[in-house]
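Structure assessment
Below, each chain spelled out in residue letters.
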Amino acid sequence: MLILRSLTRLGPMHGYGIAQHIQQMSREVLQVEEGSLYPALQRMLVKGWIAGEWRQTENNRRARYYRLTAAGKKQLGVEMAEFERVVRAITNVIQPA
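Residues numbered from 1 in each chain as written. Predicted model: local features only at pLDDT ≥ 70, side-chain atom pairs only at ≥ 80, totals over all residues. Heavy atoms only, no water.

**Examining the pairing of strand β2 (residues 50-56)**
Sheet topology note: the β2/strand β3 (residues 62-68) ladder contains seven bridges and is antiparallel. Bridged to Q56 within β3 is R62. Hairpin connection of β2 to β3: five residues between the antiparallel strands, including N60 at a positive phi of 65°. (Pairing = 2+ DSSP bridges. Helix = DSSP H or I, 4+ residues; strand = E, 2+ residues; numbered from the N terminus.)

Okay, structure coming up:
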């Protein structure tokens, strides 16, 4: 969900940029490790939620840039709805009686 949302907000990004965006937006609370990020990106590519294209970075390095697809936008809606459902359920459990 966080990866899909990052791509929605900023458009095409390379993996390192996605990880940095999540870390910055969470005020350094969330840190996405390479060992989690790149397998997740690969799964999303296979599912058709994102597309990838090799380009040069601003530092002249070769990197794969990812962009959200129409299927990814739809999946983001599904993920957001599920997240809100889980947050409501947790809130119900932890609220004082």
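So that's the structure; there's more coming.
**Some points on the packing of aromatic side chains**
A full pass over the atoms with the stated rule returns zero aromatic pairs. Between R55 and the ring centre of Y65, over which it is positioned, the NZ or CZ distance is 4.4 Å. A cation sits over an aromatic face here: R62 above W54, 4.4 Å from the ring centre. (Phe/Tyr/Trp six-rings, centres within 6.5 Å; stacked < 30°, edge-to-face > 60°. Lys NZ or Arg CZ within 6 Å of the ring centre and 35° of its normal.)

**Looking at the environment of G48**
Relative to the assigned elements, G48 resides in the loop between α3 (34-47) and β2. Exposure remark for G48: the relative accessible area of 28% places this residue in the partly exposed category. In this structure, the C-alpha to C-alpha distance between G48 and L76, residues 28 residues apart in sequence, is 12 Å. The contact partners of G48, leaving out residues within four places of it in the chain, are T69, A71 and G72. (Buried < 20%, exposed > 50% of the residue type's maximum accessible area, 1.4 Å probe, protein only. Contact = heavy atoms within 4.5 Å.)

**Some points on the packing of helix α1 (residues 2-10) against helix α2 (residues 15-25)**
Closest axis-to-axis distance for the α1/α2 pair is 10 Å, and the angle between their directions is 95°. Regarding the angle of α1 to α2, the classification is roughly perpendicular. Only I18, H21, I22 and M25 of α2 make contact with α1, whose side of the interface consists of L2, I3, S6, L7, R9 and L10. Of the residues belonging to the contact of α1 with α2, the class tally is seven nonpolar, two polar and one charged. (Axes fitted to C-alpha atoms, helices over the stretch in contact; angles between N-to-C directions. Parallel < 35°, antiparallel > 145°, perpendicular 65-115°, else oblique. Nonpolar A, V, L, I, M, F, W, Y, C, P; charged D, E, K, R; others polar.)

**Some words on the side chain of S6**
Summarising the element assignment, S6 is placed in helix α1. Every residue in contact with S6, bar those within four places of it in the chain, is listed here: G11, M13, I18, H21 and I22.

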